[in-house]
Structure formats: C-alpha cells, structure tokens
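Single-letter residue listing:
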Amino acid sequence: SRDINVQNFTLQHMGAVLLDETEIVLNHGNRYGLVGRNGCGKSTLLRALGARAIPIPRGIDIFFLSEEVEPSDTMTALDAVMADSEDDKTPEEQQEDVMEVLNAVYERLDALDASTAEVRARSILKGLGFTHEMQSKLTKDFSGGWRMRVSLARALFIQPVCLLLDEPTNHLDMEAVIWLEDYLSKWNRILLLVSHSQDFLNNVCSHMIHFTNRKRLQYYDGNYDQFIKTKSEKEENQLKQFKWEQEQMKSMKEYIARFGHGTSKNAKQAQSKEKVLQKMIRGGLTDKPEEEKPLNFKFTDPGHLPPPVLAFHNVSFGYPNCEKLYTNVNFGVDLDSRVALVGPNGAGKTTLMKLMSSELQPSMGDIRPHGHLKLGRFTQHFVDVLDLDMTPLEFFESKYPNDPREEQRKYLGRFGVSGPMQVQKMRELSDGQKSRVVFAKLGRDVPHILLLDEPTNHLDMESIDALAKAVNEFQGGLVLVSHDMRLIGQVAKEIWICDNKTIAIHRGDIQSFKMDMRAAM
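Rules used throughout
Residues numbered from 1 in each chain as written. Predicted model: local features only at pLDDT ≥ 70, side-chain atom pairs only at ≥ 80, totals over all residues. Heavy atoms only, no water. Helix = DSSP H or I, 4+ residues; strand = E, 2+ residues; numbered from the N terminus. Buried < 20%, exposed > 50% of the residue type's maximum accessible area, 1.4 Å probe, protein only. Contact = heavy atoms within 4.5 Å. Areas by Shrake-Rupley, 256 points an atom, 1.4 Å probe, with all protein chains shown as cover. Lys, Arg positive; Asp, Glu negative; His and termini not counted. Charge placed at Lys NZ, Arg CZ, Asp CG, Glu CD. Pairing = 2+ DSSP bridges. Domains from an automatic or database assignment. Phe/Tyr/Trp six-rings, centres within 6.5 Å; stacked < 30°, edge-to-face > 60°. Lys NZ or Arg CZ within 6 Å of the ring centre and 35° of its normal.

Chemist: Could you give an account of the overall build of the protein, with specific residues and numbers?
Modeler: The secondary structure content of the protein amounts to 17 helices and 17 strands. Buried residues in the protein amount to 47% of all 521 residues. A separation threshold of at least 6 residues defines the contact pool for the protein, and within that pool the share at least 24 residues apart is 71%. As presented, the protein carries roughly 26,100 Å² of accessible surface, and 49% of it is formed by carbon and sulfur atoms. The averaged location of the 73 negative side-chain charges in the protein is 8 Å from the averaged location of its 64 positive side-chain charges.

Chemist: Which residues make up the pairing of strand β7 (residues 207-211), and what are the values?
Modeler: Among the 5 residues that make up β7, 5 are buried, leaving the element largely enclosed by the rest of the structure. In this sheet, β7 lies alongside strand β3 (residues 31-35) in parallel orientation, the contact comprising 4 bridges. Each residue of the ladder has a partner; that of Gly33, found in β7, is Met208. Between β7 and strand β8 (residues 217-221), which pair antiparallel in sequence order, lie 5 residues; one of them, Lys215, sits at a positive phi of approximately 65°.

Chemist: Requested: an account of the pairing of strand β17 (residues 502-506), with residues and values cited.
Modeler: Pairing of strand β16 (residues 494-499) with β17, which is carried by 5 bridges, proceeds in the antiparallel orientation. Residue Trp496 lies in a different strand from β17, and its bridge partner there is Ile505. Hairpin remark: β16 followed by β17, antiparallel, with 2 residues in the connecting loop; positive phi at Asn500, about 50°.

Chemist: Lay out the domain arrangement of the protein with the relevant residues and their values.
Modeler: We note that the domain assignment places domain 1 (4-228), domain 2 (238-283) and domain 3 (310-520) within the protein. On a C-alpha basis, the centroid separation for the pair domain 2 and domain 3 is 59 Å.

Chemist: Tell me about the packing of aromatic side chains, and please be specific about residues and values.
Modeler: For the coordinates displayed, the defined rule picks out 17 aromatic pairs. Judged by centre distance (5.6 Å) and plane angle (80°), the ring pair of Phe130 and Phe142 falls under edge-to-face. Of this pair, Phe130 sits in the loop between α4 (114-127) and α5 (132-135) while Phe142 is found in the loop between α5 and α6 (144-158), placing the two residues 12 residues apart along the sequence. Taken individually, Phe130 and Phe142 each receive the classification buried, so the pair is uniform in this respect. With a centroid separation of 5.0 Å and 65° between ring planes, the pair formed by Phe331 and Trp496 is classed as edge-to-face. Of the two residues, Phe331 sits in strand β10 (residues 326-333) while Trp496 sits in strand β16, which places them 165 residues apart along the sequence. Using a relative accessible area of 12% as the deciding quantity, one classes Phe331 as buried. Put simply, the rings of Phe297, Phe299, Phe378, Phe382, Phe415, Phe439 and Phe474 pair up and form one aromatic cluster. One residue, Arg149, lies across the ring of Trp146, its end atom 4.1 Å from the ring centre.

So this is what it looks like as structure tokens:
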C-alpha cells in the first residue's frame with residue numbers, strides 16, 4: 001500500500017503527551033496542511049514521521065526537510081541536488097524491500113530518467129531563485145538560507161512517496177514562494193506540510209489536519225479557507241447538540257429527583273427516564289466545543305513626533321568589495337507610515353532596515369533620525385535577543401528590574417506568553433513561543449517605529465492575525481519585510497520594491513503585485 005494508516009498513536013516529547021491515542025491517515029495523492037497553535041507539537045510530529053518512529057510501510061520512502069545542505073568545498077549546488085542518498089541497510093533488509101519497491105520503480109523510472117535528471121535539477125534550482133552561475137557555486141559559498149533552498153531543491157528532485165515540509169517558505173523570497181506554490185499544487189504523492197501562510201495553504205493543500213488542544217488530529221477536506229468554514233459550522237452544531245443534551249439531562253434529573261420514589265404512575269415514568277438517562281450517558285455525550293482563547297497583542301502609544309521622523313537623503317550603500325546595493329536613495333518614514341518592503345532575495349531589504357536602525361552607516365549621503373526617535377526591531381535572528389537558559393519572566397526581570405512583577409506578567413500575557421509558559425526555560429519553548437517573548441519585549445520598549453523583518457516565520461495563524469490587529473491599532477510607524485502576502489494585505493498602506501539599486505513605489509495592492517510577478521515568471 002502507498003497510504004499511511006496508523007491507529008492509536010501516542011506522541012510524547014520531554015515528558016509531555018502531545019497526541020493521545022489518535023490516528024494518522026495520509027493517503028497517496030493528497031496534499032495535507034497541518035495546523036494548530038504554537039507549541040502544540042506540529043514540528044515534533046513531522047520529526048517523528050521523518051525518523052520513522054511510526055510504523056510506516058517499508059515501500060514508502062520519506063523525505064523530511066529539516067536542515068540545510070552541508071557546506072562543502074567540492075560539491076556545487078547542482079551536485080548536492082543530484083547526489084545519491086546513502087543506503088546503509090543490511091542485504092537481508094534490502095532483499096525484503098525489493099519486492100515492495102519493484103512496483104514503484106517502474107513509475108519512478110520515467111521521472112528519474114538519467115538523461116533528463118540534470119535538466120530537472122536545474123529547472124527546480126532556477127525556480128527557487130538560483131541563476132545558472134549560482135548552480136555551479138560550491139555549497140560552502142552560500143549562506144544558511146540559500147543552503148536550505150538547496151535542501152528543498154533536493155527534496156523536490158528526489159520525489160519521495162511522502163514529503164514532509166516544515167515552514168518551507170521561511171527562507172524564500174516572494175518569487176520563489178509563488179514558484180513553489182505552483183510546483184507543490186501539482187504534487188501527486190503524499191505531501192504533509194506546516195506553514196504559517198494561509199495564502200500558501202489555500203493554493204497548495206487538498207486536505208487539512210487540525211492538531212487540537214485535546215491531543216487529537218482532526219481531518220478536513222479542502223484547503224485552509226474551507227477548513228475554517230467547515231470547522232466553525234461543525235462547532236456551531238456541536239454546541240447546539242451539547243446544549244440540547246444538557247437541558248434534556250437536567251430536566252430528566254429533576255423529574256427523577258421529584259417522582260423517583262413511591263409507586264405512583266409518575267414513579268414508573270421516573271424509572272423509565274432513569275433508563276433513558278443511563279443509555280444517553282453510555283452512548284457517549286457530546287463534548288462542549290473548546291474555545292481557543294483569543295490572542296490580543298498590543299503595542300503602547302509612543303506619543304507624537306513631528307515629521308520628518310526618519311529621512312534618507314541621497315543615500316548610497318555597498319558592502320566592502322561588493323557592488324553597490326543602493327545609489328542615491330531618498331525617502332522618509334513617519335509615525336503614520338505603513339510600508340511593506342518587497343523584492344528579490346539579495347536586493348537589500350534587510351540591509352535597508354539595518355541602515356534605518358544605524359547598525360550600518362551609508363557609504364554616501366546621510367540618514368537623519370529625529371532626536372527622540374526610538375526604534376523597535378524584530379530580526380530574522382530574533383532568538384539572539386533572548387537568554388535561552390532563562391524563563392520569560394526571569395528575562396523580563398533582568399531587562400526591566402524596576403517593573404513590578406505583576407506588570408511583567410501582564411506584558412508577557414498580552415502577547416500570548418501566559419501561565420506555565422512564563423516560568424518554562426526558553427530553550428524548551430517552540431520557535432513561535434520564543435518569538436512572542438520578543439514581541440512582548442518590543443511592546444514593553446514603547447518604540448515610535450516598528451521595523452519587522454519576517455516577523456511571521458514561526459507564528460501560528462492566530463498570532464499573525466493578533467499581530468496585524470495590534471499593528472493596525474498602533475499609533476506609531478511600521479516598516480515590514482515579509483513574504484506573507486496576507487499580512488502585507490492586512491497592514492501595509494504602501495508597497496516599496498527594493499531592486500536595481502533603488503526603491504520604487506508599487507501602484508496597487510499586494511495581490512496585484514503577486515499577479516505582476518506571476519506574469520513575469
């Protein structure tokens with residue numbers, strides 16, 4: 001069989017039960033999106049599947065994309081994609097596998113035809129943003145983000161029966177995201193992916209799996225939007241059924257209590273109601289639908305600063321011994337700015353943020369911040385801000401020793417870091433939970449302008465919506481770098497394209513920008 005079907009599956013991690021007696025069903029030809037709150041165990045489940053810690057038929061080969069390709073000084077990006085995977089099984093195991101695999105082999109022969117292998121590998125690399133020259137570059141000459149793309153290209157090239165992807169869009173720019181979206185939407189084996197991008201899940205997935213707070217996996221047909229609709233209808237019906245059952249039971253119990261003794265006709269009726277009640281309980285009662293506590297992020301009003309708050313005058317910049325990234329750039333950011341920076345990887349979006357925050361100085365021209373300007377930065381390496389051996393509460397106490405403890409708890413709680421999470425070592429928290437601690441710190445610092453570089457990479461859907469709402473209610477400015485089209489659509493008033501050493505303003509919204517890019521590909 002080419003389907004995965006495992007009953008009564010329990011998953012534990014660091015002593016905690018994440019899934020309890022649930023079923024894992026992944027059918028050939030389906031593309032599943034796995035969703036659930038930050039820290040519920042989505043990545044742990046993918047790791048367990050990837051490590052075959054679950055009884056999966058031998059004939060199903062699995063590829064779990066977890067780490068970037070090794071930096072090598074002999075292997076190019078193209079070599080790495082086409083490299084054979086090592087086979088370290090015993091001859092006996094191999095022999096057992098042979099029969100199962102033979103059937104699949106004929107199908108795969110066409111796909112892996114040696115004469116077309118290089119063409120396929122190159123077209124995948126090209127789709128993920130590698131120019132022809134870059135494909136011949138050694139893997140050691142790429143940054144971690146680009147090596148991760150090589151790993152992704154390899155996963156797509158191998159065409160495993162079961163492909164597991166955890167946040168595959170995190171290292172990609174918009175063009176590569178659009179290409180990957182199109183590529184995966186035609187995947188005809190088993191795909192299981194975790195992604196924070198609703199746009200991506202809508203365009204790729206044929207089914208959704210909800211990792212619930214009740215430690216169960218629930219399966220839904222359709223993409224993310226369809227899942228939200230079906231789930232809310234299901235919960236509405238469940239609540240009606242729950243209320244009806246509770247009312248029935250209450251009236252029966254009252255009747256039994258009132259007439260259950262004696263010999264009258266009523267007493268007989270009370271006895272039959274007692275039987276009906278017992279039967280209802282034996283048959284299993286409807287659970288009350290669980291309401292996920294809504295997250296409510298909040299950035300404090302920083303007060304007014306008259307414009308210009310942050311002005312660039314004829315700014316040029318290039319890294320030492322490299323071609324210039326920007327020449328003669330002029331713009332201003334004020335407290336009412338809501339800007340999304342878009343453009344290909346390497347065009348200098350993050351560099352522009354570093355120039356704004358004075359981490360880098362321009363080669364020419366000048367950048368003039370207002371004398372009282374306070375910036376709040378969220379970087380792609382947000383974890384560097386944290387001391388992972390501390391709990392979130394200890395971290396806040398070390399940063400803001402004069403704040404009363406209740407105040408610190410309130411700030412953390414405001415960003416969904418509540419209860420037991422506040423006193424858990426931060427290295428035990430999921431990436432999404434860690435990034436919420438960083439947002440709580442940003443909120444506490446009361447900046448005038450938020451500089452957010454890929455803030456959604458590890459957040460769940462609810463956190464992204466809460467972040468969008470908080471940004472829209474914020475009285476300060478925003479500069480955002482993100483490949484999350486939905487977030488850009490929610491918060492940006494202007495879209496600035498960083499490319500060709502300059503900054504151009506896009507006339508239109510993010511969906512029209514996406515259409516333009518599709519047309520150009």
